[in-house]
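# A closer look at the structure
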Amino acid sequence: MWQIQPIYKDTYNCFQFLTASIAKFYNCDYRLMMLELWGFAYDNTVEGIIGDKLKLCWNFKTDRRKHLLNYHGLSFDIIIPQESSVEQLIDSNLSQRPIAVYADSYYCPWVPFYQKLHRPHTLFILDKESDEFIFMDQYS
């Protein structure tokens, strides 16, 4: 089981929580990665009300995250598996490195957005016992 010491800060979102915690695990800095994380982007090509057009400026721009993480000596792979291969992919990599996954917060009963909002939520998978995964996130 991976022994990651969580970095809890009220101002961090779930991705920032993971980034700060994994940086501590690897004993490196992470703060430059936060440069763009507090801003918002407006996309006028999206249909709907103003709120539908607003998003975090880093949302799903993984190339920027990767460059900043590489600057700090952290690297990560983004894998979008087929639904049927998710568990196998986690099983085959869990012993080699910590794994973070995106989950839909709508289906996570421990988060404030449970059955209220569909939004990506990130969490660490630390271990597997029998057929259950042990995870950690900012709400656990």
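As shown above, the structure is provided for reference.
Scope of this entry: the structure provided in the associated data block. Predicted, not measured: the structure shown is a model, and the values here were computed from it.

## Side note on a nonpolar patch on the surface
A contiguous nonpolar surface patch, about 480 Å² in accessible area, is contributed by F40, Y42, I50 and L54. With respect to the helices and strands, the residue I50 is situated in helix α2 (residues 50-53).

## Examining the sheet that holds strand β3 (residues 99-104)
Ordered by their spatial adjacency, 3 strands build an open sheet running β3-β4-β5, and the pairing between neighbours is antiparallel. Sheet topology places β3 and β5 (132-136) at the edges, where each strand pairs with a single neighbour. The mean inter-strand angle of the sheet, taken between neighbouring strand axes irrespective of direction, is 55°. In terms of strand pairing, β3 meets strand β4 (residues 120-129) through 6 bridges, oriented antiparallel. In the sheet register, A100 faces β4, and the bridge partner there is F124.

## A look at the side chain of S21
Within the secondary structure layout, S21 lies in helix α1 (residues 14-25). Of note is the side chain of S21, whose polar atom sits 2.8 Å from the backbone oxygen of F17. Apart from the residues lying within four places of it in its own chain, the contact partners of S21 are I4, Q5, P6, I7 and F124.

## Topic: the pairing of β5
Direction of pairing for β4 relative to β5: antiparallel, over a ladder of 5 bridges. If you follow E129 over to β5, its bridge partner there is E132.

## Remarks on the pattern of salt bridges
The full count for this structure, using the stated rule, is 2 salt bridges. Notably, a salt bridge pairs E87 with K128, separated by 2.7 Å at the nearest N-O pair. Of the two residues, E87 is situated in helix α4 (residues 86-93) and K128 in strand β4; the sequence distance between them amounts to 41 residues. The class for E87 is partly exposed, based on a relative accessible area of 37%. Note on K128: relative accessible area 23%, which makes it partly exposed. Here the residues in one salt-bridge network are E87, D91 and K128, joined through shared partners.

Conventions adopted
Residues numbered from 1 in each chain as written. Predicted model: local features only at pLDDT ≥ 70, side-chain atom pairs only at ≥ 80, totals over all residues. Heavy atoms only, no water. Patch = residues over 30% accessible without salt bridge, like charges linked within 9 Å, V, L, I, M, F, W, Y side chains within 5 Å. Areas by Shrake-Rupley, 256 points an atom, 1.4 Å probe, with all protein chains shown as cover. Salt bridge = Lys/Arg side-chain N within 4 Å of Asp/Glu carboxyl O. Helix = DSSP H or I, 4+ residues; strand = E, 2+ residues; numbered from the N terminus. Pairing = 2+ DSSP bridges. Axes fitted to C-alpha atoms, helices over the stretch in contact; angles between N-to-C directions. Polar contact = N/O pair within 3.5 Å; in protein donor to acceptor, adjacent residues only side chain to side chain. Contact = heavy atoms within 4.5 Å. Buried < 20%, exposed > 50% of the residue type's maximum accessible area, 1.4 Å probe, protein only.

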